[in-house]
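# Summary of the model geometry
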Amino acid sequence: MSFRRRSACGGLAALALLAAPAVQAQPGSQVEPQADFVFDALGPAACEMPPPGFDVSQFRTFVESTPDAPVTRGEISGARAGGFAGGGLYGTDAGGGLVVGVQGMMFDDGPTLTMLCMVLVRLGDSDATSGAIVGEAGMADAPDGAFLGVFKLMQRNDADVPVTLASGTVESGSVSFDLRDGLLVDGSVTAEGSYRQLPTDEALPFSARIAIPRAENVLRPALRLARD
């Protein structure tokens, strides 16, 4: 499941990502927060909410009553807890780039629909399709083939406009992706991290266990991050 649009990328960090096949990360203590510029670089396709009026309860019933449906799903815990279901996206390129995203709805029984969007970017000169997840603090010391993980939570405001509720970084975890003939046909994500709730900027814990039965190849550019 995806709600796709395409637009130009923005932000200084996004321009740096697009300018070369790999970006040299600074030492861990100097690396700025990654979530905003990764999402800016990939554009709206990396995080789109369902349209206003989307029947969330009907979709939830379908997911819960059809366990074999090819839907990305999982469990979220921490400051917010509940089921999760949506879709998977990814992008690859000849320069070694691999980026995988998941986006979907949280089934936490809250009065407002919350959308989770997560992006995982392969680090270094590697063709690995599984490895550890790190945040910006661990990028400099992570081995080639590890993945940077970032995510954000979205809601609609009173005017039905999507807004960012919180942004965060995956601090630890692991991923495994099965790519066959250039197609992502299976994947799993186990992640621990935290996010900053807006507007208070309070740090809150986050955990996720997500299974991706298949994904669409629509994320561009296929980012790759390199370290000195």
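Notes on the structure in this doc start here. (Residues numbered from 1 in each chain as written. Predicted model: local features only at pLDDT ≥ 70, side-chain atom pairs only at ≥ 80, totals over all residues. Heavy atoms only, no water.)

### Observations regarding the overall build of the protein
Stated precisely, the cut-off is as follows: Numbering goes from the N terminus for both helices and strands, where a helix is a DSSP run of H or I of at least four residues and a strand is a run of E of at least two. Using a 1.4 Å probe on the protein chains alone, a residue whose accessible area is under 20% of its type maximum counts as buried, one over 50% counts as exposed, and one in between counts as partly exposed. Contacts: residue pairs with any heavy atoms within 4.5 Å of one another. Where accessible areas are quoted, they stem from the Shrake-Rupley method and a 1.4 Å probe; at the residue level, only the protein chains shown are allowed to cover.
What the protein contains, in helices and strands, is three helices and 12 strands. Going through the 228 residues of the protein one by one, you find that 48% of them count as buried. The long-range share in the protein, meaning contacts at least 24 apart out of those at least 6 apart in sequence, stands at 63%. Summed over its atoms, the accessible surface of the protein is roughly 10,400 Å², and 51% of this surface lies on carbon and sulfur atoms.

### Structural notes on the side chain of Glu 136
For clarity, the threshold we go by: In this charge count, Lys and Arg are treated as positive and Asp and Glu as negative; neither His nor the chain ends contribute. Every case where a carboxyl oxygen of Asp or Glu lies within 4 Å of a side-chain nitrogen of Lys or Arg is listed as a salt bridge. Nitrogen and oxygen atoms within 3.5 Å of one another constitute a polar contact, given that in protein one can donate a hydrogen and the other can accept it, and given that sequence-neighbouring residues count only through two side-chain atoms.
Of note, Glu 136 is situated in the loop between strand S6 (130-134) and strand S7 (147-156). Here Glu 136 occupies a buried position and makes no salt bridge, while the nearest side chain of opposite charge, Arg 196, is found at 8.5 Å. There is a polar contact of 3.0 Å between the side chain of Glu 136 and the side chain of Thr 169.

### Concerning the state of the cysteines
Which entries qualify depends on this criterion: Any two cysteine sulfur atoms within 2.5 Å of one another count as a disulfide.
On inspection of all chains with the given rule, the structure shows one disulfide. Here Cys 47 is linked by a disulfide to Cys 117, with a sulfur-sulfur distance of 2.1 Å. Judged by the torsion about the S-S bond (75 degrees), the Cys 47/Cys 117 disulfide is right-handed. Of this pair, Cys 47 sits in the loop between helix H2 (35-42) and helix H3 (56-65) while Cys 117 is found in strand S5 (residues 115-122), placing the two residues 70 residues apart along the sequence. Like Cys 47, the residue Cys 117 is buried in the burial classification.

### A closer look at unusual backbone geometry
Following Arg 220, the chain continues into Pro 221 via a peptide bond in cis, with omega recorded as 0 degrees. Position of Pro 221 among the secondary structure elements: in the loop between strand S11 (216-217) and strand S12 (225-227). Positive phi is not limited to glycine here, since Asp 160 has a value of about 65 degrees. Along the chain, Asp 160 falls in the loop between S7 and strand S8 (162-180). One non-glycine residue with positive phi stands out, namely Asp 181, at about 55 degrees.

### What to know about H2
Because the α-helix completes a turn every 3.6 residues, residues three or four places apart line up on one side. Within H2, six of the eight residues are buried, leaving the element largely enclosed by the surrounding structure. For H2, the full list of buried residues reads Ala 35, Phe 37, Val 38, Phe 39, Ala 41 and Leu 42. Positive backbone phi, at 80 degrees, marks Gly 43, one or two positions downstream of H2.

### Considerations on the environment of Ala 45
The topology assignment puts Ala 45 in the loop between H2 and H3. The class for Ala 45 is buried, based on a relative accessible area of 8%. Sequence separation of Ala 45 and Gly 101 is 56 residues, and the distance between their C-alpha atoms is 9.5 Å.

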